[in-house]
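# Residue-level structure breakdown
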Amino acid sequence: MRRHTLMSLLVMADIRDKGLINGKGGLDEESSQLEEAMKQLETWKTKAEKADDVKARLILEKLEEDDTKIKAQQEMLTYVQKQEECQKAFAQSINSVQDKIRKLGKCKQDLLDKLRRCQVELQAKKAESTKLKQKFKMCIQIPDSEVKFNGPNKEKRENDNQSVRGVFAISQRPTVLLQGGQALITFEEERVASQVLKITKCCVPCDISSLDVTPKLITMDPAVKFEIHLSVSRKELKVSNVLSSMPVERIKDRLEMSFSRPSRGGGEVESVKYDKNTGTGQITFLNPGVAENLALRGGYHVDLGSEVHVQVGSVYKYHLRKFQTFCGSPRRTILLDGIEDVMDEEDLQDHLEIHFQKPSNNGGEIESIKYISRGKATQAFFLCEDTVERGNFSNYNV
């Protein structure tokens, strides 16, 4: 309002000055100018009011923007704090994950070390298993026998109802492990082997050099002897794979009925045993020979509501008798140790054979010789009659 009043006074002073300058002659002109000035005054008043309104609105808007700015700054501070907290949590999470990764890496390394140790142990066990397999490998030779059949015997045998019995004597061949850089020499005479064993060290000449070898007495791995007494029943038949949901007594009746049919190779049944938990049973026939014929088939059809194919086999018992363990040394074979690979395996074996054949070297006629170069190994087998038994550790029946 003060500004409006000031502007009005200025306009009026301007008019008055103009009137004084122009005199009375300019009254009409003054009135027109006064009207024009009043119009301009109104215009300026309107503009001033509009300017005041705009100013007030701008002030209000500025105040509102200031409030918004303060709120935004507060929100920004809140988000900054949250960001800092998230960064701390993220850093802690990264540290925790890195610790877990380090622990897992250490655990992995420990497992790899354990795996390597287990692999080494496995290789050692495999080698030991191979050695034991070779050690206890048995070769049984059954002599051929000529049998002449003249015809059926009409007389009833006294042991017709008894079991078929057999005795098998098993003897393990003595063995020794021949390692690289060693040789086995078997002489034709025991006397020569004894003479060579008395020598502490033998010098064997080769093409360009000589070898120092040490004769040694062989101590073979322990071997075993035992007998197996086998008894096979001629009246009892083992039945397996008998699976059914029927009661036990009904299954036994079905088995008796099925195995009593002569048309299927059966015969009169004396008794039936059945175990539902294992699905196995035992059929005892009244007459011998039926069980033997059925056991040769390996299978039989049984009526258990529907036809079921079951497995059949002989009922046998076995006992281990006269189990003996012993060790010994060969009479005509010696071990040569400490041999260096100065030439091929074959050539070196020839030089050894030539040297120990000469009587001047306390040698004699050689029956066989075997040399193994370094890095190799083999198992040597001996005949039982060619060994001197040095100890009988046990002799018992099982």
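Presented here is an overview of the structure given in this document. Just so you know, these numbers come straight off a predicted model, no measurement behind them. (Residues numbered from 1 in each chain as written. Predicted model: local features only at pLDDT ≥ 70, side-chain atom pairs only at ≥ 80, totals over all residues. Heavy atoms only, no water.)

The next thing to look at is a nonpolar patch on the surface. Judged by side-chain polarity, Ile59, Leu60 and Leu63 come together as a nonpolar surface patch covering roughly 280 Å² of accessible area. With respect to the helices and strands, the residue Ile59 is situated in helix H2 (residues 27–135). (Patch = residues over 30% accessible without salt bridge, like charges linked within 9 Å, V, L, I, M, F, W, Y side chains within 5 Å. Areas by Shrake-Rupley, 256 points an atom, 1.4 Å probe, with all protein chains shown as cover. Salt bridge = Lys/Arg side-chain N within 4 Å of Asp/Glu carboxyl O. Helix = DSSP H or I, 4+ residues; strand = E, 2+ residues; numbered from the N terminus.)

To continue, consider the side chain of Thr284. With respect to the element layout, Thr284 can be found in strand E8 (residues 280–285). With residues up to four places along the chain from it excluded, the contact list for Thr284 reads Lys235, Glu236, Val269, Glu270 and Ser271. (Contact = heavy atoms within 4.5 Å.)

To continue, consider the side chain of Ser233. Residue position: Ser233 is located in strand E6 (residues 223–240). By relative accessible area, which is 12% here, Ser233 ends up buried. Among the polar contacts made by the side chain of Ser233, one reaches the main-chain amide nitrogen of Lys235 at a distance of 3.3 Å. Excluding anything up to four places from it in sequence, Ser233 contacts Ser163 and Val315. (Buried < 20%, exposed > 50% of the residue type's maximum accessible area, 1.4 Å probe, protein only. Polar contact = N/O pair within 3.5 Å; in protein donor to acceptor, adjacent residues only side chain to side chain.)

Moving on: the state of the cysteines. The tally for this structure, following the rule as stated, stands at 0 disulfides. Free cysteine Cys206: the closest other cysteine sulfur is in Cys203, separated by 8.8 Å. On the basis of relative accessibility, which here comes to 12%, the residue Cys206 falls in the buried class. (Disulfide = S-S within 2.5 Å.)

Turning our eyes to something else, we now look at a negative patch on the surface. Taken together, Asp207, Asp344, Glu346, Asp347 and Asp350 make up a surface patch of like negative charges. Of note, Glu346 is situated in helix H6 (residues 345–357). Assessed through its relative accessible area of 64%, Glu346 is described here as exposed. (Lys, Arg positive; Asp, Glu negative; His and termini not counted. Charge placed at Lys NZ, Arg CZ, Asp CG, Glu CD.)

The values are spatial; any link to function lies outside them.
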